[in-house]
Each structure stands twice: as C-alpha cells, then as structure tokens.
Amino acid sequence: MENIIFALDIGTRSVTGVLIDRDKNSIRLIDHCMIEHEARSMRDGQIHDVPAVAATIKKVKATLETNYGAPLHKVCVAAAGRSLKTMEASATIDLRKFPIKNNEDVKHLELAALQAAQEKLGSEKHADSYQSYHCVGYSLLYYKLDKERIGSLIEQTGNEASAEVIATFLPKVVVESLLQAVRMANLEVEAMTLEPIAALHVLIPESMRRLNVVLVDIGAGTSDIAITEQGTVVSYGMVPIAGDEITEALSDYYLLDFPEAEKVKRKIVLENEAEIEDILGFTSTLTYDAFVENIKSEIDRLATVIANEIKSLNGKAPRAVMLVGGGSLTPTIAENIATHLDLPDNRVAIRGVEAIQQLQVDDTLFEGPIFVTPIGIAITAKERPVQYTEVTINDSIVRLFEVNELTVGDAFVQAGIEIHRYYGKPGIAAIIKVNGKDVTIPGRFGEPPSILLNGRPATVDTCIKQDDIMELRKGQDGERATITLEELIGETKTISVKFNEEYHTLGTTFTVNGQLKTASYRILDKDEIQWTKRERVKDLLEHSSYDKDIKLAFPIYVNRKRLDLPIGKTTILVNDKEASMETILHDDDELKLIPARTPIVRDIFEALEKSDSYSIQVFFNKEPVTLYKSAYTVSNKGQTLHKESELHPHIRLTIQEKEVSTFVFQDIFRYVALDLTNATGNFTLCCNNEKAGFDTPINDGDALGIVWDD
C-alpha cells in the first residue's frame, strides 16, 4: 500500500474515485469508480447534505475496496474550484500624506486593495470576511493616479493613488464540510488540494508556467478556470454555466426529459448519432451535425461566458487554453472559445489523460478529459498538498490555508491587519496666511511600518513557514511643520541698481504679524505673512520717491470736471535700452529717466478740441495780417492765467467764454511793426480806400493802410 494512492473527485453530480500506483518513473491506474449522487446533495461545489455525500463516498470506497481486495483508510481530496469566489476591489491613499517611494509602498497599497476585496465579499455574504474565506490568489488589474490609469506609482506626485485588484477566495465552510463528509465515510484525509491546481499540475509542468496559459475544467454545473504566468498560478475563477446548459437546451429542443437528454448528448459525442424518443412517443435519429446546428446558440453562449471570464481574470487574451472535464466534449466548444478570444483554433485544445506525463494508459481507463482532474488530485495532493500553516503575528496566532507559497503579506491579509494603519501619522500642519490667502504647510511624512520575521527585518513579500513569528511595528510619526520664509517663498537674493549716480538695493521684504523678519525666520502656526519681491523699475522708483516723474497723464479740474492732459511719455532707459515700469532689474543695472514736459494753459483747449480764440484776416499795406481775440477767460482762484502759464497737477480752473467783440483799426498795431523813427508830417488812416479812425470797425478781408502827408 506504500505506493498506492486513493483519490476522490467529489463533484456536483457524482463522486469519482481512482486508485493509482506511483513509483519514481511512472503512474499506473489500478482502478476507478464513478457513482452519481442520489439527490441534489451538492450545489456549485458546496456540500449541502453532508450525510448524503458521505453515503455516496462510502459506495465508491466499497466498490474500489472490493475490486482491489484491501481496505482503504486514507484519501486525497480537492476543494472544488467551482466554490471559488472572485471579487474586484480597490484601495486609495492620499499621496500628500503617504507618498509612494518604493516597491514596498506599492505592495502595501495592493494588500489594502486585497483586504478591501475580502471585506466586500464578506459584506455581500453577511459574514466576517477574513474569518470566513481563504484568499487563494490575486492579480493586479491596474494603478490609478488622480483617477487616471498609470503604469507605475513610484515617486509620482498628485493627490491620490489607487490600486485595483481581482482576488479569488475559497469559503472555509467548503473545506470544513468536505473534511466532515470524508470523516463520516470512515476515511482520513491524507492530503488536500484545489481542483484547478490538480488538473493544472498534471497538464502544465512548472517549466511551462512562465507562459500565459489557461486551464478550463468544464463540468456539469460550473466551469473552473486557472491561469498561469511568470512561473506560477496567478488567478482562479469560475462561471456558473457548463455542460448542463447544453443538456437542458437539448431537452427543450427535442422534448426529452433531462436524464434522457444527458444520455443522448453523451452518445452523440461518442458515436456521432443517437436514436431518441420524445415525451410524446415519437422516435427519430439525431445526427451530430443536426445536434450542433440546433443547439449552436447555447454552445456559443457557453463559449462566450467562459471567454469573457478569462479576459476579465487575465486582463487580455492568453497564449493558449486547455479544456478538461466532461463538458469540454461539447461539440465545437473549443473553436467557439478560440473565436471569442481572437486566438487561432490550434491555441484552444481539449486535453485528456493521454497528455499526463508518466501515466500508463491501458484499457481500464477511458481516454479523454473526464478523468484528468481525479488523477490530478491523486498526484498533486501528495506532491503539493494544501495545508494549514500556523504563524504568530504580534502575539496572536493566525491559521493560513496554504495554496501557494505563503508570504508575510498573506498572513497580514488573513489576520485582517490593515497595514496602512501602521504608517506613522504625518506631522501637524501649520495653517498660515500669505499675502491674505490661507496656506497649509504640511508636517513631515510619517515613516512606513517595520516588519520583523523571527527577529530579522522582512518585507510583505518575504516567504514564511510553520511556526514563524512576525512583529509589525508602527512607523514613527512625522514632525510638525517647520519651514523658513526663504523655503516658503523661494530664492530671495538682493540686487544693486545704479540710479541718479547712486546705488539702490532691491530685494524681498517680509513682515510676519506686522513685524519685519529675515528670510531665515521659521514659520509658526497662525502666522500672517506679507512679502513683496521688489525687482521691477516701478519698485525702484517708488522706493526712491521718483514715481511722480513717470506720470503718463496730468490730472486737472476744469469747471469742476476732471480733465487728464496728455503730456507724453517719460522715457525709461535700463542699460541705455528703452524699458517699461514692469521691466525686471538685475544686479549692476543702470536706470535713467528722460522726463516729459510740464503742460500749459494752451494744452487745455487742445485737449477739449476747442479754439481758444477767434480771428479775421485783413490786408495792411497790401500784406495779409491775421488778427486774434481771446475767446475764453482762464482763471485760478480769481487770478487770470495766460496761455503760456504753466499748470500743476490737480489745479482747479474756471474757464468762461467771452462775448464776441468787433475788431477795430487800432487792433492791427498789435500784429504789425511800424518804424516811426524818421516819420514826419501827418498821416491818414484808410480802410478800403476810405478815410478811417483808430476806432473804425474792420472786417475780414478789409484793406487797411496809412498814408503820410508830404
């Protein structure tokens, strides 16, 4: 009995037992037995009626004992893959408090997402998640930075980072009920595994697991999925649709009861045709081609659901797919799955027991995919059994279900430890006002937690074993906010600029709570800070009280209304190049100003677009002369101003329009020069060749003259 292995595949519809003889070089099937449950004592891999399942196990055990001729005491079993629960979840952290610096920080975020999936599953099932489920694997779907997908989170800056994972869980009750049914059948569990692992182990050797390959076990009620990549099993899954869907479609289409439809389906697959008799008593012959044509929509639906689950678990189409289980014999199922995964037909194949290495195939064993899982259970449960491992975390004992190689992170998840709660808290922030605006200065980041495994530093990826002792220590809290004015504002160097043959110093000035401070001042909570960076031409002129020379407009008041007189632009030169008030100055620059002129009374009328006088043109001694009279009186505080009088800013003027008066002959003498040095005798004034006097009115175009007596 030393090399004899007894294994049971406890399925939804039946219990299959195998006896194999294994030595170093070969595997030989001694006997097999398959017995269907008398009632629906199992559903979706979960035992609902433990005594009924135990009774079926006893029948299989008794049959094999009779054929073998010796009692059987120990058995290898597998928890059904169809019992696995898949859940997607995410975890988010605030990068402003917990920046991601390395792979360990990323792993902590992934574990937080895994715990969220565990809690989500527990909430849906109204159970305490980490006490009711074993995590048997998870895969990262993607990272996000500020809600946008990104390839890596290390050293990224933003507000928040998140990780989305898809995780697979096995209910503890599945394992416990399985063990109880075996015990009631008077058997002792020698070793246990998971069904997807069992089939995968005998069909996909470890050397092939670096490839992204999918194994699908299509049973009666469910289809179990296992995915390999990078040398390990990365994900498990299940869909609640399998061979029974095809049987029901056949039953509906041809009016057959379910057991008869199941027999017809099997015969069609094996013999390509079958005689059928419907519930009305009519008989006919059903061919393989007719079967496929009439049930093709249901076959395609089964293929679609399986392909979609593969893409969801894997995140992409795999390199290849292997099909096992009785449901994999469904006609055209492999081709349909290949189509939905956009794979060539030769990348999706049905694999039977003949593909198991070292297995000696003889007449006692049916060829094909049906017995792959039972034989896989016998081999895998002995070679790579699933065990319970006990470890200690912070003085508490944690029991782990060992599916793959266990890590510190697995132990934390099973213990319900939220590792982010062990990060040191960020230091207390300082809330200040800077130039009237509220600003928060965060404290220093807290330190990540430290992990000790048997007294030595470890990470969440460190592998663990039975009786290991772990200690998770909280990271040190960050220090309160501490920053200088220079660190807050930036570089604050001073510059020296030459102006009016003197050097003037410019730079940044600080006041804190109304008092001048240096750039090295350390900011305190609730400080009110005002700072000004003085580096422009405007800043220098204000500092030197010369900004009055840069007026671009000259404000005065005329009859109580403001009037801005244009006075031209004062020219600003920096290093002899024209500049503006906003020009940035640098160390050793030289500033020069070319001032604008001072406005006079005459400029007022130009600004008002009015003439300050009226005129006529006459001819004096046949030469044209234009005569003017003032049209307005301009006064300031009662004092009359002349047209050339200079003005000062904000002067208040009164302008009154004069009454129009007639020009007289004597007005001409203000515009012409008469040389009377050598004049003798009398003269006569003439206007238009007529004698006139000094007060004779004259008009535009008149000809005036003086005639001297001889």
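Enquirer: I'd like a rundown of the overall build of the protein chain, residues and numbers included.
Expert: Each helix and strand in the protein chain was counted, giving 14 helices and 44 strands. The C-alpha radius of gyration computed for the protein chain amounts to 51 Å, which surpasses the reference 27 Å derived for 710 residues by more than 25%, pointing to a less compact arrangement than a globule. On the principal axes, the C-alpha backbone points of the protein chain span a range of 175 × 70 × 40 Å. Counting all 710 residues of the protein chain, 46% fall into the buried class. Contacts spanning at least 24 positions in sequence make up 64% of the contacts within the protein chain whose residues lie at least 6 apart. Total accessible area computed for the protein chain in this model is approximately 37300 Å², and 47% of it derives from carbon and sulfur atoms.

Enquirer: A description of the sheet that holds strand S10 (residues 160-171) should follow, citing residues and the corresponding values.
Expert: Strand pairing in a sheet relies on backbone hydrogen bonds, with the paired strands running either antiparallel or parallel. Strands sit in the order S7-S10-S8-S9 across an open sheet of 4 strands; the sheet is antiparallel. Single-partner strands in this sheet number two, and they are strand S7 (85-94) and strand S9 (148-150). Across the sheet, the mean angle from the axis of one strand to that of its neighbour is 40 degrees, orientation sign disregarded. Relative to S10, S7 runs antiparallel, the two being bridged by 10 bridges. Residue pairing across strands places serine 90 opposite glutamate 164, the latter belonging to S10.

Enquirer: Could you give an account of the state of the cysteines, with specific residues and numbers?
Expert: Applying the stated criterion to the full structure yields 0 disulfides. Here cysteine 687 is not cross-linked by a disulfide; its sulfur's nearest cysteine counterpart is in cysteine 686, at 8.9 Å.

Enquirer: Lay out the nonpolar core with the relevant residues and their values.
Expert: Within the largest apolar cluster, 65 residues are counted, with the highest numbers of intra-cluster contacts made by Phe6, Leu8, Ile10, Ile57, Leu170 and Leu203. Leu250, Ile268, Leu313 and Ala334 belong to the second-largest nonpolar core, a separate cluster that totals 39 residues.

Enquirer: Talk me through the layout of surface pockets; I want residue IDs and the actual numbers.
Expert: Empty space among the atoms becomes visible once a probe the size of a water molecule is rolled across them. In this structure, the second largest pocket encloses a volume near 910 Å³. What lines the second largest pocket is a set of 36 residues, and nearest its centre among them are Met34, Arg266, Gly325, Gly326 and Ile370. When contributions to the lining of the second largest pocket are tallied by element, the ones reaching two or more residues are strand S2 (14-22), strand S3 (27-36), strand S12 (213-218), helix H6 (243-254), helix H7 (258-271) and helix H10 (372-383). Here the lining of the second largest pocket gets 5 residues from one element, more than from any other, and that element is H7.

Enquirer: Outline the pattern of salt bridges, listing residues and values.
Expert: Inspection of the entire model under this criterion finds 26 salt bridges. One salt bridge in this structure joins lysine 107 and aspartate 461, with 3.5 Å as the shortest N-O distance. Residue lysine 107 is located in helix H2 (residues 103-124), and its partner aspartate 461 is located in the loop between strand S25 (456-458) and strand S26 (469-473); the two are separated by 354 residues in the primary sequence. Beyond isolated ion pairs, a larger network of salt bridges with shared partners links Glu36, Glu262, Lys265 and Arg266.

Calculation criteria
- Residues numbered from 1 in each chain as written.
- Predicted model: local features only at pLDDT ≥ 70, side-chain atom pairs only at ≥ 80, totals over all residues.
- Heavy atoms only, no water.
- Helix = DSSP H or I, 4+ residues; strand = E, 2+ residues; numbered from the N terminus.
- Rg over C-alpha atoms; globule rule 2.2 N^0.38 Å.
- Buried < 20%, exposed > 50% of the residue type's maximum accessible area, 1.4 Å probe, protein only.
- Contact = heavy atoms within 4.5 Å.
- Areas by Shrake-Rupley, 256 points an atom, 1.4 Å probe, with all protein chains shown as cover.
- Pairing = 2+ DSSP bridges.
- Axes fitted to C-alpha atoms, helices over the stretch in contact; angles between N-to-C directions.
- Disulfide = S-S within 2.5 Å.
- Core = buried A, V, L, I, M, F, W, Y, C linked by side-chain atoms within 4.5 Å.
- 1 Å grid on protein atoms, 1.4 Å probe; cavity = no way out; pocket = protein on both sides within 12 Å on 5 of 7 lines; lining within 4 Å.
- Points joined across faces, edges and corners; volume = space filled by probe spheres on them.
- Salt bridge = Lys/Arg side-chain N within 4 Å of Asp/Glu carboxyl O.

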